[in-house]
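Spelled out, the chains give:
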Amino acid sequence: MDWINDTLLQAGLWMRGYTTQIALALVATLLVVYGQDILRAVKAVVRPYPLVFRLLVFVLMCVFGFGAIAVFLAPWVAQGLMMVDTLWLAPTVAGAFLILGFVAERRQQL
């Protein structure tokens, strides 16, 4: 049983140095899974406007909107990961990505 704890602790210690990158990867995965819904909501708002305006909003949303979402959400996710005990960090990260994978599968994105 000690080898399981040792392995989880070593994995957690290794991951602890990459918390910011892991958080950004989680946010980016969320944006890939739910990005179409965000764009659909924006599209519904700008539908009555002329084509040039809709095109500009689409480009701005893709370039700045998703980037801003990633930049603002990643630190919050990283702070949440920093609160997880080192022993449970690796299973938490693996579980988070597995849940996102299942969500993507259910949304038929895989």
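Here the structure is shown first, and the text comes after it.
Residues numbered from 1 in each chain as written. Predicted model: local features only at pLDDT ≥ 70, side-chain atom pairs only at ≥ 80, totals over all residues. Heavy atoms only, no water.

Caption draft 1: Structural detail: the side chain of T19. Checked against the element boundaries, T19 lands in helix 2 (residues 19-46). A polar contact of 2.8 Å, which involves the side chain of T19, links it to the backbone oxygen of R16. Setting aside chain neighbours within four positions, we find T19 in contact with A78, L81 and M82. (Helix = DSSP H or I, 4+ residues; strand = E, 2+ residues; numbered from the N terminus. Polar contact = N/O pair within 3.5 Å; in protein donor to acceptor, adjacent residues only side chain to side chain. Contact = heavy atoms within 4.5 Å.)

Caption draft 2: Summary view of the side chain of T86. Among the secondary structure elements, T86 is positioned in helix 4 (residues 86-106). When neighbours within four sequence positions are excluded, T86 is seen to be in contact with L8, L9, G12, L13 and R16.

Caption draft 3: Representation of the packing of aromatic side chains within the structure. Under the counting rule described, the total for this entry stands at 2 aromatic pairs. Here W14 and Y18 contribute two aromatic rings whose centre-to-centre distance is 5.2 Å and whose plane-to-plane angle is 50 degrees, an arrangement assigned as tilted. We classify W14 as exposed; its relative accessible area is 57%. (Phe/Tyr/Trp six-rings, centres within 6.5 Å; stacked < 30°, edge-to-face > 60°. Buried < 20%, exposed > 50% of the residue type's maximum accessible area, 1.4 Å probe, protein only.)

Caption draft 4: Fine view of the nonpolar core. With 11 residues, the main nonpolar core is built from M15, I22, A23, L26, A78, L81, V84, L89, A90, V93 and L100. Counting only elements with at least two residues in this core, the list comes to helix 2, helix 3 (51-83) and helix 4. No other element matches helix 4, which puts 4 residues into this core. The residues contacting I22, other than those within four sequence positions of it, are M15, L81, V93 and F97. Counting residues in each nonpolar core, the second largest holds 7 residues, with V27, L31, L39 and M61 among its members. (Core = buried A, V, L, I, M, F, W, Y, C linked by side-chain atoms within 4.5 Å.)

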